[in-house]
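Here is what each chain is made of, one letter per residue.
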Amino acid sequence: MVRVYLHEVTKIFGKNVVALDKVELEVKSGEFMVVMGPSGHGKTTLLRVVAGLEEPTDGEVWIGDNLVASPKKGVFVPPKDRNVGMVFQNWALYPHMKVFDNIAFPLRIKKLPKDEIEKKVKEIAEVLGIAETLDRYPRQLSGGQQQRVAIARALVKEPQVLLMDEPFSNLDARIRVTARAFVKDIQRKLGITTILVTHDPADALTLADRIAVLRRGVIQQIGLPNEIYDRPANVFVANFIGDINLFEGSIVGKGNEMYFDGGDVKLQLPSNIQGIANSQNVILGIRPEDIVLTKEAQLSNNDLAYVGKGIVEISEFAGGKFNVMVKLQNTEIKVVSSTSFSLGDAVNIYFRTSKIKIFDKQSENIIYG
Amino acid sequence: MLIFSSPALIFGIFLLYMLAWDYYFSFTNWSLFNPIPQFVGLQTYIKVLTNPITVASLERSILLAALLVAAGNAMGIVLAGLLFFLRNNTQRNVYLSILIYPLAMPMIANAFIWLWLYNVEYGLDYLFKAMGLPSVNWLGPQYAFWSIFLVTIWAYSGLAVIFYLAMLMNVPSSVIDAAKVDGAGTFTIYLRILLPNVRGALIISSALLFLFALRIFSLPYGMVALNPFVETAVINLYWDYISEHFAEATAIAGIVIAIAIAVVVPYALYGLKRWITQG
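These figures come from a predicted structure and were not determined experimentally.

Basis of the calculations
- Residues numbered from 1 in each chain as written.
- Chains lettered and ligands numbered in written order.
- Predicted model: local features only at pLDDT ≥ 70, side-chain atom pairs only at ≥ 80, totals over all residues.
- Helix = DSSP H or I, 4+ residues; strand = E, 2+ residues; numbered from the N terminus.
- Buried ≥ 20, exposed ≤ 12 C-beta atoms within 10 Å, placed from the backbone.
- Contact = placed C-beta atoms within 7 Å.
- Core = buried A, V, L, I, M, F, W, Y, C linked by C-beta atoms within 7 Å.
- Domains from an automatic or database assignment.
- Nonpolar A, V, L, I, M, F, W, Y, C, P; charged D, E, K, R; others polar.
- Pairing = 2+ DSSP bridges.
- Axes fitted to C-alpha atoms, helices over the stretch in contact; angles between N-to-C directions.

This paragraph deals with the overall build of chain B. When helices and strands are tallied, chain B shows 13 helices and zero strands. Across chain B, helices and strands are ordered from the amino to the carboxyl terminus as α-α-α-α-α-α-α-α-α-α-α-α-α. Judged by the C-alpha coordinates and their principal axes, chain B covers about 75 × 65 × 30 Å. A burial count over chain B gives 36% of its 279 residues as buried. Residue pairs at least 24 apart in sequence account for 71% of intrachain contacts in chain B once pairs closer than 6 positions are excluded.

Here it is in structure tokens:
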């Protein structure tokens, strides 16, 4: 297994469409890296640069010890010599070939002997559970089966790196969960260095060893899934990786007595807080599941900060939990609660202070969290 | 419904009326000598099909059609492939325009251009002489058919190129990318991934090239006029018509139409089947 290293990779399309802007990314050997970002923010371009389908405008791409692309040094290794496997968003199966021939194609290009090709194709088809579809055409398969064929085709040549471009976006929500588990399982078994790009946080959080978040071609943060979720580098990442309540306001007080004043939302900040100063303008973020609502008398718990009394506006069942919308004067707050509430209930709102994130208002970068 | 289908209905009825008219008179003996047509059964057909000049012209037309289908498709596959892999869109458009230019001109104009090019004094022979090659009597009885065939390739290959190129452009680019990642080079991608997916272009170019060659008139007429040694079926038909052998003319037309239908109907059915089964 090999590592993949992108060093200050820039890709500019046409005159001034910057798809990637000095991307610095190291995927360790055997690691499952998920690159996240909204559509059109350079994720697919990043994959294509690694695959060799695009030539970077600047920077270096390394696969293992081989420099595969560097415009400055005049190096560009075409895709056929990079030994990478790629699963495309629409799977890109060869429509005129049966499943067997689709999977065998990379081996036939390598001119492997016939019996060896047959053995390898059958092996991988067995592993992926598509052995019975080998003599069918792609159009006769279900979405999930087509995806497995695409994965089989990518893996059969035993590539050094596996690249996957939004592999779950064309699947039904129900199959998606099993497909994810399946991909994770295969990746772990083979221990292959993998880069997957997606816009779906659920993909990233469940699959990734590490996540890289891209925004307008710039890497915002690289980290473990829980790091990205609990300590996002900025407001964009916080918002993108999951639901979050954001309140603009300013800091009041100093020392051990600091408060956040956001108009409707006011609370005392933990005493150990650092890096903020009196009257600083900030954005306070808290995820819906880090808010506690009670109808009873006030709770006293070191970790809970009382925010105020709100009115329940919406309470909907979402399978084992409730999505609640509480109105605190003129501010709406999203809460995920384990208990249900009735519309119009007056509730006490508490934020878990250990989970509060504070961002600078100007730069939107995290200060505390 | 009736309003929307009325153009098709009107043209269809008109076309069928003309066909019926043609086949009706092909079973008569209508000519300058028999101004009042009489029903003679298959006699006119027998007469036509035992006339060596007519039979030769029919054979020549079918040969020309078969050759044009083969050569046109070959040119289409090669040139469309070259155009497809051009990176530059402007270049592609310029080359494509040049290739389809002869199609946009009246065939009679093409005929005269090549009449000059085949001229022994100042056409291709001028170049041949300059290079020390022997001069060729391009439009003499020996070579006229092949010279005309060459011009039909020049005139009609652009059609095949358009269809092939359009179908190539329809192949999803991700499929080509997948083949690149799978290790295939450009030539392999074209041969094993792209060409199998452009069978539709083969069907439509073959059908159209066959029809164009079968009914070709202005091109050979403009170049060799009425020459019984090199004329094609429709020119032979025309000769029967202007010499007022009306029944014979309609019979030849009937035969040409029958050949066209026999060739085109299976193609149409095959295309329809593919269209239905593959959506």
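Here we come to the environment of Ala-65 of chain B. All names here are of chain B. Relative to the helices and strands, Ala-65 is located in helix α3 (residues 52-84). Residue classification places Ala-65 among the buried positions, given that 25 C-beta atoms sit within 10 Å. For the pair Ala-65 and Arg-215, spaced 150 residues apart in sequence, the C-alpha separation works out to 9.2 Å. What Ala-65 contacts, discounting residues up to four positions off in sequence, is Phe-210, Ala-213 and Leu-214.

All right, on to the nonpolar core then. Judged by nonpolar contacts, the single largest core of 173 residues is most densely connected at Val-34, Val-50, Ala-152 and Leu-163 of chain A together with Tyr-164 of chain B. The dominant element in this core, judged by the number of residues it contributes, is helix α7 (residues 144-170) of chain B, at 15 residues. Two domains each put at least three residues into this core: domain 1 (4-240) and domain 2 (243-368) of chain A. In this structure Ala-152 of chain A touches Ile-103, Ile-124, Ala-125, Leu-128 and Ile-130 of chain A, once residues within four positions along its chain are discounted.

All right, on to the interface of chain B and chain A then. Tallying the contact residues gives 15 residues for chain B and 16 residues for chain A. Taken together, the elements giving at least two residues each to the side of chain B that touches chain A come down to α8 (173-181) and α9 (186-194) of chain B. Element by element, the count of residues in the side of chain B that touches chain A is highest for α8 of chain B, at six residues. A breakdown of the residues in the side of chain B that touches chain A according to their chemical character gives seven nonpolar, five polar and three charged.

What follows covers the domain arrangement of chain A. Residue and element names in this part refer to chain A. Assigned domains within chain A: domain 1 (4-240) and domain 2 (243-368). Taken residue by residue, the interface counts eight residues in domain 1 and nine residues in domain 2. Tallied by class, the residues present in the side of domain 1 that touches domain 2 amount to five nonpolar, two polar and one charged.

Residues and elements named next belong to chain A. Of note, Gln-160 is situated in the loop between α4 (143-155) and β8 (161-165). For Gln-160, a count of 18 C-beta atoms within 10 Å puts it in the partly exposed group. Considered as a pair, Gln-160 and Gly-85 are 75 residues apart in the sequence and their alpha carbons are 7.8 Å apart. Among all residues touching Gln-160, those that are not within four sequence positions of it are Val-2, Ile-63, Gly-64, Asn-83, Val-84 and Thr-193.

All names here are of chain A. Strands sit in the order β14-β13-β12-β15-β21-β22 across an open sheet of six strands; the sheet is antiparallel. At either margin of the open sheet sits one strand with a lone partner, and together these are β14 (265-268) and β22 (366-368). Averaged over all neighbouring strand pairs, the angle between strand axes comes to 35°, with direction disregarded. Pairing of strand β12 (residues 245-254) with strand β13 (residues 257-262), which is carried by five bridges, proceeds in the antiparallel orientation. Across the sheet, residue Val-252 finds its bridge partner in β13, namely Tyr-259.

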